[in-house]
Amino acid sequence: MNGNYDPLYLFINGEWIGASERDTASVVNPATRQELGRVPLATTADLDRALAATQPAFNAWRTTAPNERARVLKRGAELMRERAEHIATLMTLEEGKPLVESRDEVLRAAEYFEWFAEEAKRIDGRVVPANRPGVQQLVKRQAIGPVAAFTPWNFPAITPARKLAAALAAGCSVIIKPGEESPATALALARALDDAGLPKGVLQVVFGVPDDVSRHLIASPVIRKVTFTGSVPIGRLLSARAAEGVKPITLELGGHGPVLVFDDADVQRAAVEGAANRFRGTGQVCISSTRFLVQRGVYDEFREQFVKATRALKVGNGLDPDTQVGPLANPRQLEKMQALIADAVACGATVLTGGKAIDGAGYFFEPTVLANVPMQAKIMHEEPFGPIAVLMAFDELAQGLQEANRLPYGLSAYAFTSNARTAIDVADGLEAGMIGINQYRIVATELPFGGMKESGHGSEGGVEGIEYYLTHKFISQA
Ligand SMILES: O=CCCCC(=O)O
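Report follows, based on the coordinates. What you see is a predicted model; the values in this text were computed from it and never measured.

Within the chain, the secondary structure is distributed over 14 helices and 20 strands. The C-alpha radius of gyration computed for the chain amounts to 23 Å, which stays within 12% of the reference 23 Å derived for 478 residues, consistent with globular compactness. Taking the principal axes of its C-alpha atoms as reference, the chain extends roughly 70 × 65 × 40 Å. Looking at the 478 residues of the chain, the share that counts as buried comes to 57%. For the chain, contacts bridging at least 24 residues in sequence account for 74% of all contacts bridging at least 6. Taken as a whole, the chain presents about 18,700 Å² of accessible surface, with 52% of it coming from carbon and sulfur.

Structure follows, in structure tokens:
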């Protein structure tokens, strides 16, 4: 069923450009393996036109009155809300997640535009008392310049929204390359902003061969800021490319989220909500909880409840209203899950539930729970980015914390305890940018979203989010 899918374009200098003679890439519904459409891949000439348009667009947008920038962003958000049902359907068709999750993602994306629209009005500066008579000192915060943004396929509305809302509010122009596997959602957001009156060239959307596009855009002297959400290896590569031009980069990379469940925790909550959180988005979520580290006294109870909750999850086509877990996004993901489980089992792990691909047309995989996983298994080191949970027991807080912090990742972490002292110590000791205590819901527009260690640097969301699109300039006047 491709009827609700939109035609795919490049959006350059205010023009919606179809494939014409360009190469295209197939966009496939992961629940059916049917082709939904073909996305045009930008040529070098297309990228050069986008680069040529972004500088004058920036010059005009950065000096547009903050109230006017806010008005356009809010109108864009309003249109996203009006079109939420359609955009959510596009997302489920191309990415596979259940419609209820897609709807939530579109509405949260709209909220980022509303929230940053208000921030556009608060880009103020400082008057700093001078130590010399007759001198006035001002510190101004100004838009940093044209931005190159790169977003992944797994959250095709929220990852572009976090970048675009803050960058556009700051007064930057943006060329964004969303994931080629789920292009229609990001295009629908761009369409809403275009219809809201965003001046041409301020936002441009390109697709292409990712390596070629990032190399070309980042190398251009026009681009003054790079932002990327995706894997650690690609983050490292783009970071090196940005460093060549001494350009700041914000990186939102992978994770391997630990969950510490203490003997005094609400075990049922930690387990039942933990299963829902682990398998949300079919586990293809950077802030997902992956390693469940459970204190020995409640380990058996937790394992039983977690496995029960996992088995109860309904896997299916995201368009079916009963579906709780959709397909994996592509065959690469399916192969990766199979390989990780085979490796863990070969090392001696126990599969408590799941462990196999589900027969049928789509890329479906059973929500899987592993226990007794030896440290040499790959899943103990690599982000699975799929529906596999690992259960482990620990004895003392220090031991739990050590395991939680063992990996080079530092994105999300969670802890469940009813002891206030434990909560404080754990929150203090966990090496992660985002921490949930007694809950898994850690994302909100008003909060910074970002990691530490190899999970990246810089924040998106909250008052912190806009700072990465601003530069400080001082003016000292005698
Ligand atoms: O991979 C990105 C995770 C986004 C999660 C969210 O906003 O819920």
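A separate point is the packing of aromatic side chains. This structure, assessed with the given rule, holds 11 aromatic pairs. Pairing phenylalanine 262 with phenylalanine 394 gives two aromatic rings, centres 5.5 Å apart and planes at 85 degrees, and the pair type is edge-to-face. Residue phenylalanine 262 is located in the loop between β12 (257-261) and α9 (267-279), and its partner phenylalanine 394 is located in strand β16 (residues 388-394); the two are separated by 132 residues in the primary sequence. Ring centres of phenylalanine 302 and phenylalanine 306 lie 5.5 Å apart, and the angle between their planes is 20 degrees; this geometry places the pair in the stacked category.

On to the site of the ligand. All residues adjacent to the ligand are Arg108, Asn154, Phe155, Ile158, Arg162, Arg280, Cys286, Ile287 and Val443. Contact between the ligand and arginine 162: an oxygen atom at 2.5 Å from a side-chain N or O atom of the residue. Expressed as a share of its isolated accessible area of 270 Å², the protein-covered part of the ligand is 98%. Considered class by class, the residues forming the shell around the ligand number 5 nonpolar, 1 polar and 3 charged.

Glancing now at the sheet that holds strand β6 (residues 136-143). If you trace the 3 strands from one edge of the open sheet to the other, you get β5-β6-β20, paired in antiparallel fashion. Lying at the two open borders of the sheet, with one neighbouring strand each, are β5 (126-128) and β20 (470-477). Along the sheet, successive strands turn relative to each other by an average axial angle of 25 degrees, direction set aside. Judged from the 3 bridges that link them, β5 and β6 form a sheet pairing that is antiparallel. Its bridge partner lying in β6, arginine 126 is registered against valine 139.

Take the nonpolar core next. Counting residues in hydrophobic clusters, the biggest one holds 124 residues, and the most contacted among them are Ile287, Phe302 and Phe306. A total of 9 residues in this core trace back to one element, the largest contributor, which is helix α5 (residues 158-170). Apart from the residues lying within four places of it in its own chain, the contact partners of isoleucine 287 are Arg280, Leu411, Ser412, Tyr414, Met434, Ile442, Val443 and Phe449. Core analysis: the next-biggest nonpolar cluster, separate from the first, contains 28 residues, Leu293, Met337, Ala377 and Ala415 among them.

Below, the discussion takes up helix α2 (residues 66-82). Taking 1.5 Å per residue, 17 residues should reach 24 Å; α2 reaches 24 Å between its end C-alpha atoms and fits that length. When we look at burial in α2, the residues that qualify are Arg69, Ala70, Val72, Leu73, Gly76, Ala77, Leu79 and Met80. Looking at the buried side of α2, the elements it contacts are α1 (44-61), α3 (84-95), α4 (99-119), α5 and α6 (183-195).

Let us look at the sheet that holds strand β14 (residues 350-353). An order of β14-β15-β16-β13-β12-β17-β18 is seen for the 7 strands of this open sheet, with the pairing classed as mixed. The two strands at the open ends of the sheet, each matched to only one other strand, are β14 and β18 (434-437). Neighbour-to-neighbour, the strand axes of this sheet turn through a mean angle of 25 degrees, independent of strand direction. Summarising the sheet, strand β17 (residues 412-416) and β18 pair through 4 bridges and their orientation is parallel. Its bridge partner lying in β18, tyrosine 414 is registered against glycine 436. Contacting β12, β13 (289-295), β14, β15 (368-371) and β16, helix α10 (residues 296-311) crosses the sheet at an angle of about 145 degrees to β13.

Taking 1.5 Å per residue as the helical rise, helix α8 (residues 232-244) with its 13 residues ought to reach 18 Å, and the 19 Å between its terminal C-alpha atoms agrees with that figure. Of the residues making up α8, those classed as buried are Val232, Gly235, Leu238, Arg241 and Ala242. Those residues of α8 that are buried are in contact with β7 (147-150), α7 (210-219), β10 (225-229) and β11 (249-252). Sitting at the amino-terminal end of α8 is serine 231, which places a side-chain oxygen 3.3 Å from the backbone nitrogen of isoleucine 234. Positive phi shows up at valine 246, right after α8, with a value of about 50 degrees.

In this section: the environment of phenylalanine 306. Among the secondary structure elements, phenylalanine 306 is positioned in helix α10. Exposure remark for phenylalanine 306: the relative accessible area of 0% places this residue in the buried category. Along the sequence, phenylalanine 306 and phenylalanine 292 sit 14 residues apart, while their C-alpha atoms lie 9.8 Å from each other.

Analysis parameters
Residues numbered from 1 in each chain as written. Predicted model: local features only at pLDDT ≥ 70, side-chain atom pairs only at ≥ 80, totals over all residues. Heavy atoms only, no water. Helix = DSSP H or I, 4+ residues; strand = E, 2+ residues; numbered from the N terminus. Rg over C-alpha atoms; globule rule 2.2 N^0.38 Å. Buried < 20%, exposed > 50% of the residue type's maximum accessible area, 1.4 Å probe, protein only. Contact = heavy atoms within 4.5 Å. Areas by Shrake-Rupley, 256 points an atom, 1.4 Å probe, with all protein chains shown as cover. Phe/Tyr/Trp six-rings, centres within 6.5 Å; stacked < 30°, edge-to-face > 60°. Near = heavy atom within 4 Å. Polar contact = N/O pair within 3.5 Å; in protein donor to acceptor, adjacent residues only side chain to side chain. Nonpolar A, V, L, I, M, F, W, Y, C, P; charged D, E, K, R; others polar. Pairing = 2+ DSSP bridges. Axes fitted to C-alpha atoms, helices over the stretch in contact; angles between N-to-C directions. Core = buried A, V, L, I, M, F, W, Y, C linked by side-chain atoms within 4.5 Å. Expected span 1.5 Å × (residues − 1).

No statement about biological role is implied by the geometric values presented.
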